[in-house]
Amino acid sequence: MTDFNNIKDDTVSRMEKTLDTLRNDFGGLRAGRAHASLLDNIMVEAYGSATPISQVGTISVPDARTLSVSIWDKGLAKSVEKALRESDLGLNPVSDGQLIRIPIPPLSEERRKELVKVAGKYAEQNKIAIRNIRRDALDEVKKLKKDNLISEDDEKRYSCEIQKLTDESIKKIDDLLCQKEKDILQV
């Protein structure tokens with residue numbers, strides 16, 4: 001029984017991490033106003049490797065429609081500006097030496113629909129991750145059965161429990177997606 005408890009605990013923890021990843025991804029999708037977390041997923045080419053933008057400068061929100069990044073190393077300004085332009089956020093940064101201002105344009109209907117599609121893509125990727133976690137857990141349960149550590153009835157019961165955890169996680173993903181779509185489409 002303790003073997004299954006370990007499998008179940010590991011499965012629950014991995015599924016929670018997947019949901020946290022989705023929440024983080026959704027945080028990077030803007031719903032019309034400036035927020036520092038908008039730039040969380042942007043990687044800058046710095047010192048020969050991809051570095052999160054938050055590690056090359058200070059991100060601030062001067063007002064509801066503007067973000068600014070104060071770059072610590074002047075040599076990275078061009079690289080930060082390029083990363084911002086090439087991100088899928090549709091940003092057009094304005095460089096002023098070591099300070100980069102990023103006006104957040106109001107979202108057009110077309111852009112809102114694009115962002116909903118991106119949110120859907122994130123949700124689908126995380127559903128796949130949840131199903132992979134389920135597969136790993138079911139493989140572990142089958143291994144316990146194969147090694148004669150559990151009965152066939154236990155195997156069925158454990159498999160049902162894992163499926164129930166999977167269904168709950170997928171429902172949470174759907175709920176998060178529904179909420180994010182509402183936020184994005186709200187004018």
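Before any of the text, the structure's been laid out above.
Figured I'd write up the structure that's included with this text.

What counts as what
- Residues numbered from 1 in each chain as written.
- Predicted model: local features only at pLDDT ≥ 70, side-chain atom pairs only at ≥ 80, totals over all residues.
- Heavy atoms only, no water.
- Patch = residues over 30% accessible without salt bridge, like charges linked within 9 Å, V, L, I, M, F, W, Y side chains within 5 Å.
- Areas by Shrake-Rupley, 256 points an atom, 1.4 Å probe, with all protein chains shown as cover.
- Salt bridge = Lys/Arg side-chain N within 4 Å of Asp/Glu carboxyl O.
- Lys, Arg positive; Asp, Glu negative; His and termini not counted.
- Charge placed at Lys NZ, Arg CZ, Asp CG, Glu CD.
- Helix = DSSP H or I, 4+ residues; strand = E, 2+ residues; numbered from the N terminus.
- Buried < 20%, exposed > 50% of the residue type's maximum accessible area, 1.4 Å probe, protein only.
- Core = buried A, V, L, I, M, F, W, Y, C linked by side-chain atoms within 4.5 Å.
- Contact = heavy atoms within 4.5 Å.
- Pairing = 2+ DSSP bridges.
- Axes fitted to C-alpha atoms, helices over the stretch in contact; angles between N-to-C directions.
- Phe/Tyr/Trp six-rings, centres within 6.5 Å; stacked < 30°, edge-to-face > 60°.

**What to know about a negative patch on the surface**
Taken together, the side chains of D9, D10, D139 and E140 present a region of like negative charge at the surface. Elements with a contribution of two residues or more to the negative patch: α1 (2-27) and α3 (109-146). By the element assignment, D10 lies in helix α1. Of the residues examined, D10 reaches a relative accessible area of 40% and is grouped as partly exposed.

**So, the nonpolar core**
Of all hydrophobic cores here, the largest spans 20 residues; its most connected members are L39, I53, V80, L84 and I102. Listing elements by their share of this core, those giving two or more residues are β1 (43-46), β4 (66-71), α2 (77-86) and β6 (99-103). When neighbours within four sequence positions are excluded, I53 is seen to be in contact with L39, I42, V44, I59, V69, V80 and L84. Listed in part, the 19 residues of the second largest apolar core include L115, I133, I173 and L177.

**Considering the sheet that holds strand β5 (residues 94-96)**
Pairing in this open sheet of four strands is antiparallel, and the strands run β3-β4-β6-β5 from one edge to the other. In the strand order of this sheet, the two ends are held by β3 (57-63) and β5, each with one partner. The mean inter-strand angle of the sheet, taken between neighbouring strand axes irrespective of direction, is 25 degrees. Both β4 and β6 contribute to a ladder of five bridges, which runs antiparallel.

**Quick look at the packing of aromatic side chains**
Counted according to the given criterion, the structure contains one aromatic pair. Relative to Y158, the ring of F4 has its centre 3.8 Å away and its plane inclined at 5 degrees; by these criteria the two rings are stacked. With F4 in helix α1 and Y158 in helix α4 (residues 152-185), this residue pair connects regions lying 154 residues apart in the sequence. F4 sits in the buried class, given a relative accessible area of 2%. Take Y158: its relative accessible area is 2%, and that puts it in the buried class.

It is worth stressing that arrangement in space is one thing and function is another; only the former is reported here.
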